[in-house]
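Here are the chains, one letter per residue:
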Amino acid sequence: MYICNYFSTFSVQCQLENTDIMNIGKKLKELRLAENQTQVQIAEKLNISRVNYTRYENNASRPDYETLIAIADLYDISLDELFDRIQH
C-alpha cells in the first residue's frame, strides 16, 4: 500500500510499507560516489545536463522512464535495485 504526502504541486513523497521508494536521489549519489564519478561525468554518460542530474540527486525532480532505464544500465543494476526493492 502506498502512502503519499503532498507537500506542494512539485513535491510528493510516497512510501511503501515504511520504505521510501520515491527518494532515489540518495541512491543515485551512492552509486555515483562508489564509481568515483562526478555529476558532470554521469550526466554526460546519460546525455543529460549536469543541472538535471543534480536535481535528481537532490530529489528536486524525478527522472523519466527512459532516464531511469539508462541509469540502471549505466550501473548494471535492475530497476528494483535502483529503487532498493531487493533485500541484500
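Everything in this summary refers to the structure shown in the same document.

Observations concerning the pattern of salt bridges
The full count for this structure, using the stated rule, is three salt bridges. We note a salt bridge from Lys27 to Asp84, for which the minimum N-O separation is 3.2 Å. Of this pair, Lys27 sits in helix α1 (residues 25–34) while Asp84 sits in the segment after α5 (79–82), placing them 57 residues apart in sequence. For Lys27, a relative accessible area of 14% puts it in the buried group.

Structural notes on helix α3 (residues 50–57)
Here α3 has its buried residues at Tyr53, Thr54, Tyr56 and Glu57. Within α3, the buried residues cover an arc of 155° as seen down the axis, which keeps them to one side. Along its buried surface, α3 packs onto α1, α2 (39–46) and α4 (65–75). Of the residues flanking the end of α3, it is Asn59, one or two places downstream, whose phi is positive at about 55°.

A word on α1
What sets the pattern is the α-helix's 3.6 residues per turn: residues three or four places apart point alike. If you check which residues of α1 are buried, you get Gly25, Lys27, Leu28, Leu31 and Arg32. Buried residues of α1, seen end-on, are gathered within an arc of 160° and therefore sit on one face of the element. For α1, the exposed residues set more than 90 degrees away from the buried face come down to Lys26 and Ala34. Looking at the buried side of α1, the elements it contacts are α2, α3, α4 and α5.

Here's the deal with unusual backbone geometry
Positioned with a positive phi, Asp76 is a non-glycine residue whose angle comes to about 55°. Checked against the element boundaries, Asp76 lands in the loop between α4 and α5. Residue class for Asp76 comes out exposed when judged on its relative accessible area of 71%. In this model, Asp84 sits at a positive phi of 55°, which is unusual for a non-glycine residue.

Describing the packing of α2 against α3
Between α2 and α3, the shortest axis-to-axis distance is 8 Å and the interhelical angle comes to 110°. With respect to α3, the axis of α2 lies roughly perpendicular. For the pair formed by α2 and α3, the contact residues are Gln39, Val40, Ile42, Ala43 and Leu46 on the first element and Arg50, Tyr53, Thr54 and Glu57 on the second.

Conventions and cut-offs
- Residues numbered from 1 in each chain as written.
- Predicted model: local features only at pLDDT ≥ 70, side-chain atom pairs only at ≥ 80, totals over all residues.
- Heavy atoms only, no water.
- Salt bridge = Lys/Arg side-chain N within 4 Å of Asp/Glu carboxyl O.
- Helix = DSSP H or I, 4+ residues; strand = E, 2+ residues; numbered from the N terminus.
- Buried < 20%, exposed > 50% of the residue type's maximum accessible area, 1.4 Å probe, protein only.
- Arc of directions from axis to C-beta.
- Contact = heavy atoms within 4.5 Å.
- Axes fitted to C-alpha atoms, helices over the stretch in contact; angles between N-to-C directions.
- Parallel < 35°, antiparallel > 145°, perpendicular 65-115°, else oblique.

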